[in-house]
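Next come the chains, spelled out residue by residue.
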Amino acid sequence: MVDIKSLNREELRAFIIEKGEKKYRADQIFDWIHRKNAGNTAEMSNIPKSLKKLIDSEAEYITLKSVLCQRSALDGTAKYLFPLSDGNEIESVFMEYHDWNSVCISSQAGCNMGCRFCASTIGGCARNLKASEMLEQIYAIQRESGKKISNVVVMGSGEPLDNFDNLIRFLELITDEKGFNMGERHITVSTCGLVPGIKRLAGYKKQLTLAISLHAPNDEIRRRLMPVADQYSIKELMEAVKYYYDMTGRRITFEYALSKGINDGPEQADELSGLLSGMNCHVNLIPVNPVREREITGSSKAVAAAFKSKLEKNGINVTIRREMGRDIDGACGQLRRKHLEAGFHV
Ligand code: SAH
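Predicted model, so just to flag it, every value in this text is computed and none were measured.

Caption draft 1: The nonpolar core, seen in detail. Of all hydrophobic cores here, the largest spans 97 residues; its most connected members are Ile-4, Ile-29, Ile-138, Phe-170, Phe-254 and Leu-276. Residues lining this core come from more than one domain, with at least three contributed by each of domain 1 (2-60) and domain 2 (68-341). Within the second largest apolar cluster, six residues are counted, among which are Met-95, Cys-104, Val-153 and Met-155.

Caption draft 2: Structural detail: the packing of helix H10 (residues 266-276) against helix H11 (residues 301-313). Their axes nearest at 9 Å, the elements H10 and H11 cross at an angle of 35 degrees. Where H10 crosses over H11, the handedness of that crossing is right-handed. Between H10, through Pro-266, Gln-268, Ala-269, Asp-270, Leu-272 and Ser-273, and H11, the contact on the second element is made entirely by Phe-307, Lys-310 and Leu-311. In terms of residue class, the contact of H10 with H11 is made up of five nonpolar, two polar and two charged.

Caption draft 3: Up close: the environment of Glu-172. Mapped onto the elements of the fold, Glu-172 is located in helix H5 (residues 164-174). In this structure, Glu-172 is in contact with Tyr-204 and Lys-206, ignoring residues within four places of it in sequence. Polar side-chain contacts of Glu-172 include one of 3.2 Å to the side chain of Lys-206.

Caption draft 4: The packing of aromatic side chains, seen in detail. A complete count under the given rule lists five aromatic pairs for this structure. Their ring planes at 25 degrees and their centres at 4.0 Å tell us that Tyr-97 and Trp-100 sit as a pair that is stacked. For Tyr-97, a relative accessible area of 24% corresponds to the partly exposed category. Residue classification places Trp-100 among the partly exposed residues on the basis of a relative accessible area of 33%. Centre to centre, the rings of Tyr-139 and Phe-180 are 5.6 Å apart; their planes meet at 15 degrees, and the pair counts as stacked. In this pair, Tyr-139 is assigned in helix H4 (residues 131-145) and Phe-180 in the loop between H5 and strand S10 (187-191), connecting sequence segments 41 residues apart.

Caption draft 5: How the structure looks around the sheet that holds strand S11 (residues 209-213). On the basis of which strands lie adjacent, the open sheet formed by ten strands has the order S3-S4-S5-S6-S9-S10-S11-S12-S13-S14 and mixed pairing. Two strands in the sheet have a free side with no partner beyond their single neighbour: strand S3 (68-71) and strand S14 (318-320). Put simply, the sheet's adjacent strands are angled 20 degrees from each other on average, direction ignored. Alignment of strand S13 (residues 281-287) against S14, held across three bridges, turns out to be parallel. The partner of Val-283 across the bridge, within S14, is Val-318. Its contacts with the sheet put H5 on strand S9 (151-154) and S10, and the angle it makes with S10 is roughly 170 degrees.

Caption draft 6: Summary view of the domain arrangement of the chain. Examined at the domain level, the chain breaks down into domain 1 (2-60) and domain 2 (68-341). Spacing between the C-alpha centres of domain 1 and domain 2 amounts to 33 Å. Listed as interface residues are 16 residues of domain 1 and, on the opposing side, 16 residues of domain 2. For the pair domain 1 and domain 2, the summed buried surface comes to about 1,300 Å²; carbon and sulfur atoms form 45% of the total. For the domain 1 face of the interface with domain 2, the top three residues by lost area are Lys-5, His-34 and Asn-37, together amounting to 41%. Linking domain 1 with domain 2 are four salt bridges, by the criterion used here.

Procedures and definitions
- Residue numbers run consecutively from 1 along every chain, following the written order of its sequence.
- pLDDT decides what is reported in this predicted model: residues at 70 or higher carry local features, side-chain atom pairs at 80 or more are listed and counted, and totals for whole chains, interfaces and linings draw on all residues regardless.
- By convention in this description, side-chain values take in all heavy atoms of the structure and omit both hydrogens and water.
- In this text, buried Ala, Val, Leu, Ile, Met, Phe, Trp, Tyr and Cys residues form a nonpolar core when linked through side-chain atoms within 4.5 Å.
- For the exposure calls, accessible area comes from a 1.4 Å probe over protein chains only, and a residue counts as buried if that area is under 20% of its type's maximum, exposed if over 50%, partly exposed in between.
- Each domain's limits were defined by an automated method or a database of domain assignments.
- Angles shown run from 0 to 180 degrees and are taken between the N-to-C directions of axes, each axis being a line fitted to C-alpha atoms and, for helices, limited to the stretch in contact.
- Helix and strand labels come from DSSP, where a helix needs a run of H or I of at least four residues and a strand needs a run of E of at least two; each type is numbered from the N terminus.
- Definitions for this section: a left-handed crossing has its near helix turned counterclockwise from the far helix by less than a right angle. A right-handed crossing has that turn clockwise.
- For this analysis, residues touch if any pair of their heavy atoms sits within 4.5 Å.
- Residues are grouped as follows: Ala, Val, Leu, Ile, Met, Phe, Trp, Tyr, Cys and Pro are nonpolar; Asp, Glu, Lys and Arg are charged; every other residue, Gly included, is polar.
- As used in this structure description, the phrase polar contact means that two N or O atoms lie within 3.5 Å; if the pair is within protein, one of them must be able to donate a hydrogen and the other to accept it, and residues adjacent in sequence are counted only when both atoms belong to side chains.
- In summary, the pairing rule links any two rings of Phe, Tyr or Trp, Trp by its six-membered ring, whose centres are within 6.5 Å, and it sorts them by plane angle into stacked for under 30 degrees, edge-to-face for over 60 and tilted for everything else.
- The pairing criterion is simple: DSSP has to find at least two bridges between the two strands.
- Buried area: the accessible area, evaluated with a 1.4 Å probe, that two parts lose upon being put together, summed over both parts.
- Basic side-chain nitrogens of Lys or Arg form a salt bridge, by our definition, when they fall within 4 Å of a carboxyl oxygen of Asp or Glu.

This is how it looks when you write it as structure tokens:
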């Protein structure tokens, strides 16, 4: 069966024409799927019944429907748990700000990267998500919440550059001007630092924000936190990041999860400043969100503030990430994990 929501405009046209239909029908269907956000073919009011029937029998119209939605009592954050058709589950987070609504999507069911503070990776990666399943996290939240989504961060479970082709397909669909039409600048892709993937992505010259999960100022500390550091040194990572910047002109974001007693001292703040000095970048400090299965804990507010002010003194752009949804298992993979453990079946 054809996964119709993952087809780009040309592919959808080819599919529809092959069925003996006119090209404009494909454009109408694309419009229903990606701009009008139809929940099913029945909603496609200007499409003939026979064509809807054909789509229903020969294509898969992937939609997600949440089985759990946890709303934060502290802020506008809501975490959605979505079952996939094969029984896997993924989670997505909706965040509401003053003038924009953002969704944090998963790119894989689980993750293979093994970061030692992260819940998503505990059971490994079950599978890559299709482009349609990435899109649907946004479309479904828009349908369920009734709110227009303006931004997306690919920062949920999974390593997006480990699912490269589907990521590119997703990016091209979500930014299609005849579809959802999200601006590239409204998209952030976060990676643990897969060097070949960063270089490949640079080649597409997209205006999205690349976020690098750096988390350490040197290889020794990074290896304690992230197995990927055994594969690529910080030097190689920085070369790839500079290449990305040269190709796109986009300021780089570095994520730095402050882990108590591991990477949060004044020496590390100085070392990090040295590493990033002269780069057009921004550092996002995230106090580690404690995960039950993990020993690593977050730095105190005072330590985080001291780390931040040291970076500032050294001339580095830095913010402490606003913690959202701490009361609803905000950290990657926590909700899915809990759900799995509790033996929920969908
Ligand atoms: N694989 C990608 C995207 C998913 S993780 C990446 O590594 O960037 C998204 C961000 O959340 C990463 O910066 C990751 O290191 C961070 N993260 C994961 N678990 C966390 C936790 N328990 N506390 C704080 N940050 C966490």
